[in-house]
Amino acid sequence: MSTPEAPAGQPATPEPDSRREAIIELSHTGVTFETRKGNDLVALDDFNLTIYREEIVSLVGPSGCGKSTVLRILAGLQKPTTGDFWIGGGKTRQGFSEVAIVFQRPTLLPWRNVLDNVLYPARVLKGRADKDDRDRARALLALVGLEEMADRMPHELSGGMQQRASIARSLILDPKILLMDEPFGALDALTREDLQLDLLEIHERTRKTILLVTHSISEAVLLSDRVAVMSARPGRLQDLITVDIPKPRGPDSTARPDFHTYSQRIRDDIFGPRTKRDRAQ
Ligand SMILES: Nc1ncnc2c1ncn2[C@@H]1O[C@H](COP(=O)(O)OP(=O)(O)OP(=O)(O)O)[C@@H](O)[C@H]1O
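Counting restarts for each chain: residues are numbered from 1 in the order of the written sequence. Local features in a predicted model are, by the rule used here, given only for residues with pLDDT of at least 70; side-chain atom pairs are given and counted only at 80 or more, and totals for whole chains, interfaces and linings are based on all residues. Heavy atoms throughout the structure, all of them, feed into the side-chain values; hydrogens and water do not.

Caption draft 1: Examining the overall build of the chain more closely. Strands here mean DSSP runs of E at least two residues long; helices mean DSSP runs of H or I at least four residues long; both are numbered from the N terminus. Helix and strand counts for the chain come out as 8 helices and 9 strands. Contacts were defined at the residue level, with two residues in contact if any of their heavy atoms lie within 4.5 Å. Sequence-distant contacts, at least 24 apart, represent 69% of the contacts inside the chain between residues at least 6 apart. Here the open area of atoms and residues is found with the Shrake-Rupley method and a 1.4 Å probe, where only the protein chains shown may cover a residue. Taken as a whole, the chain presents about 14200 Å² of accessible surface, with 49% of it coming from carbon and sulfur.

Caption draft 2: Layout of the sheet that holds strand β3 (residues 56-60). Note on pairing: DSSP must find at least two bridges between two strands before they are called paired. The 6 strands are arranged β5-β6-β7-β3-β8-β9 in an open sheet whose pairing can be described as mixed. The two strands at the open ends of the sheet, each matched to only one other strand, are β5 (99-102) and β9 (237-242). This sheet shows a mean twist of 15° between the axes of neighbouring strands, independent of strand direction. Where β3 meets strand β8 (residues 226-230), 4 bridges bridge the pair, whose relative direction is parallel. Looking at the pairing, S58 lines up with V227 of β8. Lines fitted to C-alpha atoms define the axes here, with helix axes fitted over just the stretch in contact, and angles between the N-to-C directions of these axes take values from 0 to 180 degrees. Strand contacts of helix α4 (residues 159-171): β5 and β6 (177-181), with the helix running at about 170° to β5, the strand carrying the most contacts.

Caption draft 3: Structural context of the site of the ligand. For this description, a residue counts as near a given molecule or strand if any of its non-hydrogen atoms is within 4 Å of it. The immediate surroundings of the ligand are formed by 13 residues, with S63, K67, S68, T69 and H215 found nearest. Pairing of N or O atoms within 3.5 Å defines a polar contact, subject to two protein rules: one partner must be a possible hydrogen donor and the other a possible acceptor, and residues neighboring in sequence count only if both atoms are side-chain atoms. Residue S68 places a main-chain N or O atom 2.9 Å away from an oxygen atom belonging to the ligand. Within the contact set of the ligand, an oxygen atom lies 2.5 Å away from a side-chain nitrogen or oxygen of T69. Expressed as a share of its isolated accessible area of 640 Å², the protein-covered part of the ligand is 62%. Those elements that provide at least two residues to the shell around the ligand are β2 (40-52) and α1 (67-74).

Caption draft 4: Representation of the pattern of salt bridges. What counts as a salt bridge is simple: a side-chain nitrogen of Lys or Arg found within 4 Å of a carboxyl oxygen of Asp or Glu. Scanning the model with the defined rule gives 19 salt bridges in all. In this structure, R207 engages E54 in a salt bridge whose closest nitrogen and oxygen atoms are separated by 3.1 Å. With R207 in the loop between α5 (189-206) and β7 (209-213) and E54 in the loop between β2 and β3, this residue pair connects regions lying 153 residues apart in the sequence. Whether a residue is buried, partly exposed or exposed follows from its accessible area with a 1.4 Å probe, protein chains only, as a fraction of its type maximum: under 20%, in between, or over 50%, in that order. Judged by relative accessible area, E54 falls into the partly exposed class, the value being 33%. In this structure, D133 engages K126 in a salt bridge whose closest nitrogen and oxygen atoms are separated by 2.8 Å. Relative accessible area serves as the criterion here: at 44%, K126 is assigned to the partly exposed category.

Caption draft 5: Region of the structure containing the side chain of S216. Mapped onto the elements, S216 comes out in the loop between β7 and α6 (217-223). A residue is classified by how much of its surface remains accessible, and S216, at 16% relative accessible area, is buried. Separated by 3.0 Å, the side chain of S216 and the backbone nitrogen of E219 make a polar contact. S216 has contacts with E182 and R192, leaving out every residue within four places of it along the chain.

Caption draft 6: Looking closely at the nonpolar core. Put simply, buried Ala, Val, Leu, Ile, Met, Phe, Trp, Tyr and Cys residues joined by side-chain atoms within 4.5 Å make one nonpolar core. Grouped together as the largest cluster of nonpolar side chains are 48 residues, with contacts concentrated most on L141, I167, M180, V221 and I266. Once residues lying within four places of it in the same chain are set aside, the contact partners of I167 are V102, V144, M180, F184, L195 and I202. Residues L26, L44, F47 and F85 belong to the second largest nonpolar core, which totals 26 residues.

Caption draft 7: Spatial organisation of the sheet that holds β2. On the basis of which strands lie adjacent, the open sheet formed by 3 strands has the order β2-β1-β4 and antiparallel pairing. At either margin of the open sheet sits one strand with a lone partner, and together these are β2 and β4 (82-87). Put simply, the sheet's adjacent strands are angled 20° from each other on average, direction ignored. In this structure, strand β1 (residues 22-34) lies alongside β4, joined through 5 bridges in antiparallel fashion. Within the sheet, the bridge partner assigned to E25 lies in β4 and is W86. Each of β1, β2 and β4 touches α1; the most contacted strand, β1, lies at about 115° to it.

Caption draft 8: Spatial organisation of helix α2 (residues 114-126). Here α2 contains 13 residues, and its C-alpha end-to-end distance of 19 Å stays within 8% of the 18 Å for a straight helix at 1.5 Å per residue. A maximum bend of about 45° is found in α2 at Y120, where proline P121 lies one to four positions downstream. For α2, the set of buried residues is V114, L115, N117, V118, L119 and A122. Where α2 is buried, its residues touch α3 (131-143) and α4. For α2, the capping residue at the N-terminal end is N113, with a side-chain oxygen 3.2 Å from the backbone nitrogen of L115. The span expected for a helix works out to 1.5 Å for each residue beyond the first. Across the chain, bend at a residue is computed as the angle between axes fitted to the seven residues ending at that point and the seven starting from it.

Caption draft 9: A look at the environment of Q104. Note on placement: Q104 falls in the loop between β5 and α2. Among residues more than four places away in sequence, those in contact with Q104 are Q163, D181, E182, P183, G185 and A186.

As structure tokens, then:
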């Protein structure tokens with residue numbers, strides 16, 4: 001895995017700690033799509049990233065750089081055309097059962113109440129949900145602050161509540177890894193902040209490994225142990241930044257000078273360094 005040098009005056013990216021347990025590895029991974037006109041479109045090229053157990057890692061980069069493609073590979077929805085990947089440690093590809101995915105839209109079943117929506121993956125897997133599953137679903141609803149909403153139908157919930165329910169649903173089979181594709185992208189700014197803080201708390205309590213795609217630089221810095229910045233298509237790892245902001249993090253973390261230093265480094269990675277005069281124009 002490459003760890004690009006930090007530009008002068010910016011936080012250094014330490015070498016990965018070989019004592020930690022790798023749970024996801026993408027090695028020289030590439031994806032080429034065939035367009036409708038029959039041309040090759042290289043979406044991802046020679047992408048390398050190792051993620052360690054219990055980390056939160058964000059993927060950021062320009063639109064179309066392949067962030068969702070990386071998530072789709074790890075969810076088993078997209079085969080890489082080149083390179084390799086492993087999930088769950090042990091250099092196997094049998095790790096898909098360790099993975100749950102949360103999308104930008106909650107995708108709850110409108111004809112089932114909240115509790116049944118959370119239980120749905122257990123029903124699909126086992127054919128039925130037993131008392132342990134129901135207890136677990138109620139505990140997860142409490143974890144995301146929806147214990148009072150178990151009997152409500154999805155249309156009775158706000159967008160933020162629906163997304164909370166879909167996070168609870170993603171945890172019902174106790175996956176080790178949560179893949180989150182712009183999970184807060186469809187929410188208003190205040191609800192988004194609320195859910196960001198909830199996610200930090202959920203992580204604190206469940207210790208899931210989380211790979212998060214986001215378009216928000218501040219969200220990436222607030223939530224992540226490391227931020228992987230991708231280059232414009234074809235997506236490659238352009239920078240890998242360890243965010244050394246103390247935990248537990250909260251709204252005060254965003255006022256720290258190093259929060260701005262990290263954010264600026266990511267902005268410079270994506271847009272290139274711009275002078276104050278450029279910004280004024
Ligand atoms: N099935 C497909 N067939 C052809 N091209 C595709 C397919 N899926 C994705 N692409 C292209 O691959 C590139 C990467 O797509 P991807 O959705 O991974 O990017 P992204 O970084 O997640 O984008 P965004 O930030 O806009 O959501 C894009 O140019 C996209 O148009």
